[in-house]
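Structure at a glance
Residue strings, one per chain:
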Amino acid sequence: MESKNPFFKNKSFTNTSREVTHEATVIDYDQTMTVSGTINKSFLMLLVLVTSAAITWMMFFNGYNPIVFTIGGAIVGLILVVISAFKPHLSPYLAPGYAVFEGLFIGGISAIFESMYPGIVIQAVSCTFVTFMVCFGLYKYEIVKVTEKFRSVVIAATLAVVTYYLIAWMLSMFTSFQPVHYGNSWMSIGISVFVIIIAALNLFLDFDQIEKGVQQKMPKYMEWYSAMGLMITLVWLYIEFLRLLSKLSSKN
């Protein structure tokens, strides 16, 4: 029952906050993960991310080059994700940091796309929000259920996307190879649509993993860990919407 946001693939979700003393199970309910706590922390991280994004956004439109902050934010954000994946108990400190640095990256990237295609950012934000709400509604009302088969298919598709991106990036770096998802061809647009669908399906697995964590009485710090994992999926979804919309705009 592991999530397929790869961030959730951590042994921490196989543990519980139970302490066994002389065959008696003791649970401190004030120190266990809750849905409301995870939601609150997710909103807080989103607020921090947007605030941070405003920094590189304003730098760009005020004539400064935010490339150092943009790339630096992406690198540091990735490092924090890796550390948190191995040290989830540090999530209360790492998750806010991730929001700050990932915000710098998102702000810079968004500003670049906006300068090229005016209005694209609000469109990407709207698409991401609508997709999130639709997926949440489908999950909440059990219209879409996360079964083992569903989970396996999404995991396989996600790994395929990651593998393809990695290979394509390496080939383009060291050879003259031009990945098919570059440009605005219909093939490229189709790939972007496919990746967006996979990212959206990951939301269902993230919702399910959060629910499982609450049921298993995970430690309180897992709220931050879960909020961070959900934020990773939303950032991925937003970036893919930016890419798709830019391809469609350049085709007009």
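Located above this text is the structure these notes cover.
Residues numbered from 1 in each chain as written. Predicted model: local features only at pLDDT ≥ 70, side-chain atom pairs only at ≥ 80, totals over all residues. Heavy atoms only, no water.

Before going further, it helps to spend a moment on the overall build of the protein. Looking only at helices and strands, the protein features seven helices and two strands. Mapped from its N terminus to its C terminus, the protein presents α and β elements in the order β-β-α-α-α-α-α-α-α. Across the 252 residues that make up the protein, the buried fraction comes to 45%. Long-range contacts, defined here as pairs at least 24 residues apart, represent 84% of the contacts in the protein between residues at least 6 apart. (Helix = DSSP H or I, 4+ residues; strand = E, 2+ residues; numbered from the N terminus. Buried < 20%, exposed > 50% of the residue type's maximum accessible area, 1.4 Å probe, protein only. Contact = heavy atoms within 4.5 Å.)

Before going further, it helps to examine helix α6 (residues 186-215). Residues that lie three or four places apart on an α-helix share one face, since the helix turns once every 3.6 residues. In this model α6 runs 44 Å from its N-terminal to its C-terminal C-alpha over 30 residues, within 8% of the 44 Å that 1.5 Å per residue would give. Counted residue by residue, α6 has 21 buried out of 30 residues, so it is predominantly covered. Immediately beyond the C-terminal end of α6, within one or two residues, lies K217, with a positive phi of roughly 55 degrees. (Expected span 1.5 Å × (residues − 1).)

Attention now moves to unusual backbone geometry. Phi is positive for E142, close to 55 degrees, though the residue is something other than glycine. Looking at where E142 falls in the secondary structure, it is placed in the loop between α4 (120-140) and α5 (148-174). In this structure E142 comes out as exposed when scored by relative accessible area, which is 53%. A positive phi angle, near 55 degrees, is found at K217, a position not held by glycine. You can see K217 is positioned in the loop between α6 and α7 (222-251).

It is worth spelling out the packing of α6 against α7 at this point. One way to put it is that α6 packs onto α7 with a least axis distance of 9 Å and a crossing angle of 160 degrees. Overall, the two elements α6 and α7 adopt an arrangement that is roughly antiparallel. The chirality of how α6 crosses α7 is left-handed. Looking at side-chain class alone, the contact of α6 with α7 contains 18 nonpolar, six polar and four charged residues. (Axes fitted to C-alpha atoms, helices over the stretch in contact; angles between N-to-C directions. Parallel < 35°, antiparallel > 145°, perpendicular 65-115°, else oblique. Left-handed = near helix turned anticlockwise from the far one by under 90°. Nonpolar A, V, L, I, M, F, W, Y, C, P; charged D, E, K, R; others polar.)

On to the packing of aromatic side chains. One pass over the full model with this rule turns up eight aromatic pairs. Plain terms: the ring middles of F60 and F61 are 5.2 Å apart, the flat faces sit at 80 degrees to each other, and that makes the pair edge-to-face. The exposure class assigned to F60 is partly exposed, which follows from its relative accessible area of 26%. For F61, a relative accessible area of 41% gives the class partly exposed. Arranged with centres 5.9 Å apart and planes meeting at 40 degrees, the rings of Y164 and Y165 form a pair that is tilted. For Y164, a relative accessible area of 28% puts it in the partly exposed group. Counting every residue linked through ring pairs, the aromatic cluster contains F132, F136, Y139 and F207. (Phe/Tyr/Trp six-rings, centres within 6.5 Å; stacked < 30°, edge-to-face > 60°.)

Counting 45 residues, the largest nonpolar core has M45, Y98, I239 and L242 as the members making the most contacts within it. Where this core is concerned, the elements lending two or more residues are α1 (35-61), α2 (67-86), α3 (91-116), α4, α5, α6 and α7. At 15 residues, the largest contribution of residues to this core is made by α7. Apart from residues no more than four positions distant in its own chain, Y98 is found in contact with M45, G77, L80, V81, G103, M228, M231, I232 and V235. Grouped together as the second largest cluster of nonpolar side chains are six residues, I210, V214, M218 and M222 included. (Core = buried A, V, L, I, M, F, W, Y, C linked by side-chain atoms within 4.5 Å.)

Mapped onto the elements, S42 comes out in helix α1. A relative accessible area of 13% places S42 in the buried class.

In the structure shown here, the tally under the stated rule is six salt bridges. Note that K41 and E223 form a salt bridge whose closest N and O atoms lie 2.7 Å from each other. Residue K41 is located in helix α1, and its partner E223 is located in helix α7; the two are separated by 182 residues in the primary sequence. A salt bridge links D208 to R151; its shortest N-O distance comes to 2.9 Å. Separated by 57 residues along the polypeptide, D208 in helix α6 and R151 in helix α5 bring together distant segments of the chain. Under the relative-accessibility criterion, D208 is labelled buried at 5%. The buried category is assigned to R151, whose relative accessible area is 4%. Here the salt bridges share partners, and the residues they tie into one network are E148, R151, D208 and K212. (Salt bridge = Lys/Arg side-chain N within 4 Å of Asp/Glu carboxyl O.)

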